[in-house]
Amino acid sequence: MLDGIAERLTSVTRSFEDVLDLGCFDGAFVPPPGARITRTDPGAVFATTADGVQADEDRPTFAEGRFDLIVSAGTLDTVSDLPGALALARRALRPDGLFLAAFTGGNTLSTLRASLRHAEGDTPAARVHPQVDVRAAGDLLMRAGFALPVADVETLNVRYGDIWSLFRDLRGMAATNLMPGTPSLTRAVLARAAQSFTDRADSDGRTAERFDIVFLTGWAPAPTQPQPARRGSATASLTDALKRRD
């Protein structure tokens, strides 16, 4: 995710002075040269380790127009109020400030979901938190007031020897089930899920799991930005243009 954010940031020609690392984890994001950076994380240990501030992404923390760049990697898919978190990020940006985010969404963990549904039969429980579709993510950027919104997705397929290796990865990336009230998995269900996962393996005995990384790019509105043409102001006919192509 950080590599994808860094790649998108290199295509931006403007400079940045004040950066917010929203959900900093271990502070691995490297700010642009010369920029001051503030790091926040909802986890007290992560915030302290990164010399940052403990704060939830969907609760107001910073003054309006405090930053000209906000980045967020791997946290926004688990906040309680994603529209609110995006609106707060928009509020904390100066005019023409840039917002870059990445999180897992779309069809992430599709193999695990299918294995658990098979294992639980007619009474499956929701054991993976809801994933944000890339189209919905773009709509949320617009609702939050971002200009020039872009949402795109990159898919990673990771191959596992068994379901337990996948579980270890999910625990390591803090991606286990966060929803309250979910019933515990019994040993019998876990055994059936593990077998179902193994049954989906390819010829070399490894099962592919899918991770969709949704990337968001948006700008705080500013008068200097390109503006869409006024509706009805076109001077050429699309019908005529298509006829000429025929």
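Residues numbered from 1 in each chain as written. Predicted model: local features only at pLDDT ≥ 70, side-chain atom pairs only at ≥ 80, totals over all residues. Heavy atoms only, no water.

A. Quick look at the packing of helix α6 (residues 163-172) against helix α7 (residues 187-199). Two elements in contact, α6 and α7, have axes separated by 9 Å at closest approach and are oriented at 105°. Between α6 and α7, the angle falls in the class roughly perpendicular. The segment α6 lies against α7, with I163, W164, L166 and F167 engaging L190, A193, A194 and F197. Residues belonging to the contact of α6 with α7 are distributed by class as follows: eight nonpolar, no polar and no charged. (Axes fitted to C-alpha atoms, helices over the stretch in contact; angles between N-to-C directions. Helix = DSSP H or I, 4+ residues; strand = E, 2+ residues; numbered from the N terminus. Parallel < 35°, antiparallel > 145°, perpendicular 65-115°, else oblique. Contact = heavy atoms within 4.5 Å. Nonpolar A, V, L, I, M, F, W, Y, C, P; charged D, E, K, R; others polar.)

B. Molecular detail of the packing of helix α3 (residues 82-92) against helix α5 (residues 134-143). In contact at an axis separation of 9 Å, α3 and α5 are set at 50° when each is read in the N-to-C sense. On the basis of their axis angle, the class for α3 and α5 is oblique. The chirality of how α3 crosses α5 is right-handed. Along its contact with α3, which presents L82, P83 and L86, the element α5 presents L140, L141 and R143. By residue class, the composition of the contact of α3 with α5 is five nonpolar, no polar and one charged. (Left-handed = near helix turned anticlockwise from the far one by under 90°.)

C. Main features of the pattern of salt bridges. In this structure the tally under the stated criterion is 14 salt bridges. Residue D56 pairs with R59 through a salt bridge whose shortest N-O separation is 3.5 Å. What you see here is one network of salt bridges that share partners, running through R14, D18, R36, R66, D68, R94 and D96. (Salt bridge = Lys/Arg side-chain N within 4 Å of Asp/Glu carboxyl O.)

D. Representation of the pairing of strand β1 (residues 18-22). Buried residues dominate β1, accounting for five of its five residues. Here β1 shows a buried face lined by D18, L20 and L22 and a second buried face lined by V19 and D21. Here β1 pairs with strand β4 (residues 67-73) via three bridges, running parallel. When the sheet's bridge partners are listed, L20 is paired in β4 with I70. (Buried < 20%, exposed > 50% of the residue type's maximum accessible area, 1.4 Å probe, protein only. Pairing = 2+ DSSP bridges.)

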